[in-house]
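Tertiary structure, described
In case you want the letters, here they are:
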Amino acid sequence: MENKKLQVKQPKYQKIAADLASKIVEKKYLVGERIYARSSLASQYGVSAETARRAIAVLQDLEIVEATKGSGVMIKSYEKAAQFVHQFLEVQSIHQVQLEMLESIKRQRVELEVLQEVTDRLVSRTERFRSVNPFVPFQIEILENCPYISQNIGTINFWQNTMGTVVGIRRGEELILSPGPYATLQYMDIIYFIGNDECIERVQKFLYPV
């Protein structure tokens, strides 16, 4: 079954009740003043008389207004109107945050799916490429905690200790190809080397012993 986006809406009568309460808070309607009859209220908000009746019922239940037959609707409490508006806006705010969180989670899910797909393709292509070309170099950076800084490749017996062959060194904007045994390792160099799949772990342990 196709998933449809859930639409969350508040009842119209509740929104009308909150709007009327807001007008009381804004002193557009004063305590003791009588406001429109239900039919006029329905016409003003473009809703049915029943929807207008429910809006008034909400305000009456909260003791914000008093409605009597034949006498219309009288404003009863400014404080309770303010309290209702505050609660209504708070619920609206929380609801908005919830919607934004759900949208964010949905976007992250899509991004993760795309990232996973790209990663799978990259791994697949790398494995295929390595299977036909075993000389794709690995790389590792020389950091300040490497004990072999300023020492040359031959002196530290790089190949004997790692079974990896250094094929290049990047130093800043310069790339040194086939550096040979007399090339020294310097801080922030990028070392390119070739070897089997276990070679990268041996190089890591050799250059950065615990």
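Just so it is clear, the model here is predicted, and its values are computed rather than measured.

Reading the values: rules and limits
- Residues numbered from 1 in each chain as written.
- Predicted model: local features only at pLDDT ≥ 70, side-chain atom pairs only at ≥ 80, totals over all residues.
- Heavy atoms only, no water.
- Helix = DSSP H or I, 4+ residues; strand = E, 2+ residues; numbered from the N terminus.
- Contact = heavy atoms within 4.5 Å.
- Areas by Shrake-Rupley, 256 points an atom, 1.4 Å probe, with all protein chains shown as cover.
- Pairing = 2+ DSSP bridges.
- Buried < 20%, exposed > 50% of the residue type's maximum accessible area, 1.4 Å probe, protein only.
- Phe/Tyr/Trp six-rings, centres within 6.5 Å; stacked < 30°, edge-to-face > 60°.
- Axes fitted to C-alpha atoms, helices over the stretch in contact; angles between N-to-C directions.
- Parallel < 35°, antiparallel > 145°, perpendicular 65-115°, else oblique.
- Core = buried A, V, L, I, M, F, W, Y, C linked by side-chain atoms within 4.5 Å.
- Expected span 1.5 Å × (residues − 1).

1. A short note on the overall build of the protein
- When helices and strands are counted, the protein shows six helices and seven strands.
- Helices and strands appear in the protein in the N-to-C order α-β-α-α-β-β-α-β-α-β-β-β-α.
- Within the protein, residue pairs in contact and separated by at least 24 positions form 65% of the contacts whose partners lie at least 6 positions apart.
- As presented, the protein carries roughly 14800 Å² of accessible surface, and 54% of it is formed by carbon and sulfur atoms.

2. Comments concerning the sheet that holds strand S2 (residues 65-68)
- Spatially, the three strands line up as an open sheet ordered S1-S3-S2, and their pairing is antiparallel. Both outer strands of the open sheet, strand S1 (34-35) and S2, are each paired with one neighbouring strand and no more.
- Relative to strand S3 (residues 72-75), S1 is paired through two bridges, and the arrangement is antiparallel. Within S3, the position partnered with Arg 34 by the bridge is Met 74.

3. Topic: the side chain of Lys 23
- Of note, Lys 23 is situated in helix H1 (residues 12-25).
- By relative accessible area, which is 17% here, Lys 23 ends up buried.
- If we skip the residues at most four places from it in the chain, Lys 23 touches Lys 28, Tyr 29, Gln 44 and Tyr 45.

4. Regarding the packing of aromatic side chains
- Counted by the stated rule, this structure contains four aromatic pairs.
- Look at Phe 138 and Phe 193: their rings are 5.7 Å apart centre to centre, the planes differ by 35 degrees, and that puts the pair in the tilted class. In this pair, Phe 138 sits in strand S4 (residues 138-141) while Phe 193 sits in strand S7 (residues 190-194), placing the two residues 55 residues apart along the sequence. Here the two residues Phe 138 and Phe 193 agree in accessibility, since each one is buried.
- Ring centres of Phe 158 and Phe 206 lie 6.2 Å apart, and the angle between their planes is 80 degrees; on these two criteria the pair is classed as edge-to-face. Note that Phe 158 is positioned in helix H5 (residues 158-162) and Phe 206 in helix H6 (residues 199-207), a separation of 48 residues in sequence.

5. Some words on the packing of helix H2 (residues 38-45) against helix H3 (residues 49-61)
- The N-to-C vectors of H2 and H3 enclose an angle of 105 degrees; their axes lie 8 Å apart at closest approach. Compared by their axis directions, H2 and H3 come out roughly perpendicular. In this structure, H2 contributes Arg 38, Leu 41 and Ala 42 to the contact, and H3 contributes Ala 49, Ala 52, Arg 53 and Ile 56.

6. Notes on the nonpolar core
- Ranked by size, the top nonpolar core spans 25 residues in total, and within it Leu 20, Ile 24, Ile 56, Leu 59, Ile 64, Val 65 and Phe 84 carry the most contacts.
- If you list the elements that add at least two residues to this core, you get H1, H2, H3, S2, S3 and helix H4 (78-132).
- Broken down by element, this core gets its largest block of residues, six residues, from H1.
- Beyond its immediate chain neighbours, meaning those up to four positions away, Phe 84 contacts Gln 14, Ala 17, Ala 18, Ala 21, Val 58, Leu 59, Leu 62 and Ile 64.
- Ile 142, Val 166, Leu 207 and Tyr 208 belong to the second-largest nonpolar core, a separate cluster that totals 19 residues.

7. With respect to H1
- In this model, H1 (14 residues) spans 20 Å end to end at C-alpha, consistent with the 20 Å of a helix rising 1.5 Å per residue.
- One or two steps after H1, the chain reaches Lys 27, where phi turns positive at roughly 65 degrees.

8. Notes on the sheet that holds S4
- On the basis of which strands lie adjacent, the open sheet formed by four strands has the order S4-S7-S5-S6 and antiparallel pairing. Both outer strands of the open sheet, S4 and strand S6 (174-177), are each paired with one neighbouring strand and no more. Adjacent strand axes in the sheet meet at a mean angle of 20 degrees, parallel and antiparallel pairs treated alike.
- With four bridges joining them, S4 and S7 adopt antiparallel strand pairing. Across the sheet, the residue bridging to Phe 138 is Phe 193, located in S7.
- Set on the sheet, H6 makes contact with S4 and S7; between it and S4 the angle comes to about 15 degrees.

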